[in-house]
Amino acid sequence: MRFRGFALIGLSLAMLVSCAPKKETGRTATMKKQSFGKTAAGVDVDLYTLANGNGVEVAITTYGGIVVSLKTPDRAGLSSDIVLGFDSLDGYLKGHPYFGALIGRYGNRIAKGRFTLNGVEYKLAVNNGENHLHGGIQGFDKVVWKARDVSTPEAASLELTYLSKDGEEGYPGNLSVTVTYTLTAKNELKIDYLATTDKDTVVNLTNHSYFNLAGQGQGDILGHEVTINAGRFLPVDAGLIPTGERKAVGGTPFDFNRPMTIGARIQQDDEQLKRGKGYDHCYILNGSGGALTPAARVHEPKSGRVMEVLTTEPALQLYTGNFLDGTLTGKGGKVYQFRYGFCMETQHYPDSPNQPDFPSVVLKPGAKYQTTTVYRFSAEAAR
Ligand code: GLA
């Protein structure tokens, strides 16, 4: 009898617990801040970890606004880190090919580091052969951003701001930049870019995360199946500057209108693939008219992970890690070999300041540069 009594009490307790309002652990967005060290100049750098309670977690540092890690579940629900990077600030300070970084003022290349605006010629750093790349010597990837937690109960949101002074890296105008990273309950990493200026200038901001949906350091990315919503791409010259042609992808190894692995055609005897040492080309997205539009989808068959890219930008640079060569050791001692990561950098066309036929990248005082890109994560059952 006594035992039965205890059992009953136990049962009612269990019922009480299960009837109690469910703690929303599965949905609670959180943000954690910790120190990530100091720059060589002694500036404090922080690391913010955003989690959505659904197994997705992203860590972002105020140094370069870099996405240091991004953990998403595979088809079995197991989370792995799917971006390349370093365990500590030191790795980033030593120099790297823009792992996870915010890129500005101008993502991609400007021919010979020169452009003319309102009759004035501006000279930028030449840091990539004879061209300017990704904002120059000290681009937005190498500055310390101010951070503010702007989370809501639904989503963890980190706002990063930076004032790029008139003349910085040769660009005109004081450019005030705000980038907001939001991790949504729908397993999306949303990046909102905003900029204003006090003088006519050019702007083209992006993020340079290297993804490997099988997990960072887990081999090359050649088996990833890619779809890109683009009928045309921009062929490049030997210095990777667009020639001006907008070439139809049909019948070329650049056609990703139907899912194709990155590796299926990358070795083909194609002049453009040779110039890029693989894919390192800008795709003109279909129907991109400022609205958030599906740009690409990537599926990694072993893990089942899927990444969808949506953007308001008119173009997307597909870069397949062709300059990775095993000289960098990243997180957890993983060595980043040739093509161990790929980038999908949403942006305006490269070299637009020198190519009047390309959509304009000019920002004027009183106007707002405003773009959004979403990386959405899920997993697919085995086929
Ligand atoms: C960009 C460029 C590539 C390369 C990488 C960084 O994506 O298009 O050519 O410079 O950055 O290594």
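Residues numbered from 1 in each chain as written. Predicted model: local features only at pLDDT ≥ 70, side-chain atom pairs only at ≥ 80, totals over all residues. Heavy atoms only, no water.

Engineer: How do you make sense of the overall build of the protein when you look at a structure like this?
Structural biologist: From N to C terminus, the protein includes 3 helices and 29 strands. Relative to the 2.2 N^0.38 estimate, which gives 21 Å for 383 residues, the radius of gyration of the protein is 23 Å and therefore close to what a compact globule would have. With the C-alpha coordinates of the protein rotated into their principal frame, the extents come out at 95 × 45 × 40 Å. The 383 residues of the protein split such that 53% are buried. When contacts within the protein are restricted to residue pairs at least 6 apart in sequence, those whose partners lie at least 24 apart make up 66%. Entry remark: accessible area of the protein is about 16,700 Å², with carbon and sulfur atoms responsible for 54%. (Helix = DSSP H or I, 4+ residues; strand = E, 2+ residues; numbered from the N terminus. Rg over C-alpha atoms; globule rule 2.2 N^0.38 Å. Buried < 20%, exposed > 50% of the residue type's maximum accessible area, 1.4 Å probe, protein only. Contact = heavy atoms within 4.5 Å. Areas by Shrake-Rupley, 256 points an atom, 1.4 Å probe, with all protein chains shown as cover.)

Engineer: How do you make sense of the environment of Thr293 when you look at a structure like this?
Structural biologist: Here Thr293 lies in strand S22 (residues 293-299). Under the relative-accessibility criterion, Thr293 is labelled buried at 16%. Sequence separation between Thr293 and Thr196 is 97 residues, and the spatial gap between their C-alpha atoms is 24 Å.

Engineer: Where do I start with the packing of aromatic side chains in this structure?
Structural biologist: Working definition: an aromatic ring pair is given by the centre-to-centre distance plus the angle between the planes. One pass over the structure, following the stated rule, counts 21 aromatic pairs. With 5.0 Å between their ring centres and 85° between their planes, Phe86 and Tyr92 make a pair best called edge-to-face. The interplanar angle of 40° and the centroid separation of 5.8 Å between the aromatic rings of Phe211 and Phe342 together place this pair among those described as tilted. You can see Phe211 sitting in the loop between strand S16 (206-207) and strand S17 (225-228) and its partner Phe342 sitting in the loop between strand S26 (335-336) and strand S27 (343-347), a full 131 residues away along the chain. A single burial state applies to Phe211 and to Phe342, both of which are buried. Over the face of the ring belonging to Phe256 we find Arg265, whose NZ or CZ atom lies 4.8 Å from the ring centre. (Phe/Tyr/Trp six-rings, centres within 6.5 Å; stacked < 30°, edge-to-face > 60°. Lys NZ or Arg CZ within 6 Å of the ring centre and 35° of its normal.)

Engineer: Sorry, what's going on with the sheet that holds strand S23 (residues 305-311) here?
Structural biologist: Hydrogen bonds between backbone groups are what pair the strands of a sheet, and the pairing can be parallel or antiparallel. One open sheet accounts for 9 strands, arranged S11-S12-S13-S14-S29-S23-S22-S17-S20; its pairing is antiparallel. Strands at the two margins of the open sheet, each flanked by one partner only, are strand S11 (146-149) and strand S20 (260-261). Relative to strand S14 (residues 188-197), strand S13 (residues 175-183) is paired through 9 bridges, and the arrangement is antiparallel. Bridge pairing in S14 places Val177 opposite Ala195. (Pairing = 2+ DSSP bridges.)

Engineer: Where do I start with the sheet that holds strand S2 (residues 44-51) in this structure?
Structural biologist: Strands sit in the order S1-S2-S3-S4-S5 across an open sheet of 5 strands; the sheet is antiparallel. Looking at the sheet topology across the chains shown, the edges are occupied by strand S1 (30-38) and strand S5 (79-81). For this sheet the average axis-to-axis angle between neighbouring strands, irrespective of direction, equals 15°. (Axes fitted to C-alpha atoms, helices over the stretch in contact; angles between N-to-C directions.)

Engineer: Please explain the pattern of salt bridges as it appears in this structure.
Structural biologist: Taken as a whole and assessed by the stated rule, the structure comprises 19 salt bridges. Residue Lys71 is joined to Glu57 by a salt bridge in which the shortest nitrogen-to-oxygen separation is 3.8 Å. Of this pair, Lys71 sits in strand S4 (residues 67-73) while Glu57 sits in strand S3 (residues 57-61), placing them 14 residues apart in sequence. Given the relative accessible area of 29%, Glu57 is considered partly exposed. Residues joined in a network through salt bridges with shared partners are Glu225, Arg297, Glu380 and Arg383. (Salt bridge = Lys/Arg side-chain N within 4 Å of Asp/Glu carboxyl O.)

Engineer: I'm lost on the pairing of S2 in this one. Help?
Structural biologist: In the case of a regular strand, side chains alternate between the two sheet surfaces. Burial analysis of S2 places 7 of its 8 residues in the buried class, which makes it a mostly covered element. Where S1 folds back onto S2 in an antiparallel hairpin, the turn is made up of 5 residues, including Gly42, whose phi is positive at roughly 85°. Connecting S2 to the antiparallel partner S3 that follows it, the hairpin turn spans 5 residues, and Gly53 within it adopts a positive phi of roughly 80°.

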